[in-house]
Every structure is written in structure tokens, then in C-alpha cells.
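# Commentary on secondary and tertiary structure
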Amino acid sequence: MENQLPTPATANSPAARDTRAVRATRLLLRLYPRLWRQRYADEMALVLAQHRITFWTLLDLAIGAFDARLNSDLLPGRLVSMAHRIRTS
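Now for a description of the structure that goes with this document. Treat the numbers as computed from the prediction; the structure is a model and nothing was measured. (Residues numbered from 1 in each chain as written. Predicted model: local features only at pLDDT ≥ 70, side-chain atom pairs only at ≥ 80, totals over all residues. Heavy atoms only, no water.)

Moving on, we come to the packing of aromatic side chains. Applying the stated criterion across every chain, the model contains three aromatic pairs. With centroids separated by 5.3 Å and ring planes inclined at 45 degrees, the aromatic side chains of Trp36 and Tyr40 adopt a geometry described as tilted. Of the two residues, Trp36 and Tyr40 both sit in helix H3 (residues 34–49), four residues apart, roughly one turn of that helix. (Phe/Tyr/Trp six-rings, centres within 6.5 Å; stacked < 30°, edge-to-face > 60°. Helix = DSSP H or I, 4+ residues; strand = E, 2+ residues; numbered from the N terminus.)

Written out as C-alpha cells, the structure is:
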């Protein structure tokens, strides 16, 4: 069977848009730090599967990944309680 290129009608179908959106969310989730993904990726994937993915959703994921990298001290496994900080200061 020959591979057929999608026609403009099928390329813009809801199913094609959904497939592209799912691929884009997976790509954006990989931008998050490894420790964040280990803790939250499954939950995030479930939440995203229950909602329509829009441009704003993708933008929010990109900004969230950027923020997670900027604030790496808040990643799971690196959180230090206030009591610990007081004791060690």
C-alpha cells in the first residue's frame, strides 16, 4: 500500500489536530526537568487527556517548563523543609 500525503481537508480534520496536539504536549513535557517528570508527568498526561489542547495550553506548558528549570531548587526531591533550613543555618 502506498503512503498517501494528507490532503488539506484531512490535514485539518479534528483527528489530525488532536494527534498533533498530543505530540506537541509530549514534546513540551520532555522540556521539564527529569525530577519533575518523574514526579508529575503521569498526572499531567492524565489531566491533559481529559481536556481540549489549545494554543494557550501549549504556551502554558512551555512557560511551565521554563519556570521549572529556573526554579530547580523547588523540584521534588530537592525540597527542604523550613524546619531543616532553620536547624542548619
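It is worth spelling out the nonpolar core at this point. Counting 10 residues, the largest nonpolar core consists of Ala21, Leu28, Leu29, Tyr32, Trp36, Leu48, Ile53, Leu61, Ala65 and Ala68. Counting only elements with at least two residues in this core, the list comes to helix H2 (14–30), H3 and helix H4 (55–70). Apart from the residues lying within four places of it in its own chain, the contact partners of Tyr32 are Arg37, Asp60, Leu61, Gly64, Ala65, Ala68 and Arg69. (Core = buried A, V, L, I, M, F, W, Y, C linked by side-chain atoms within 4.5 Å. Buried < 20%, exposed > 50% of the residue type's maximum accessible area, 1.4 Å probe, protein only. Contact = heavy atoms within 4.5 Å.)

With that settled, consider the pattern of salt bridges. As enumerated under the stated definition, the model contains one salt bridge in all. Linking Arg39 and Glu43 is a salt bridge whose minimum nitrogen-to-oxygen distance equals 2.4 Å. Here Glu43 and Arg39 lie together in helix H3, a separation of four residues that amounts to about one turn. (Salt bridge = Lys/Arg side-chain N within 4 Å of Asp/Glu carboxyl O.)

Everything listed is a geometric property; what it means functionally is a separate question.
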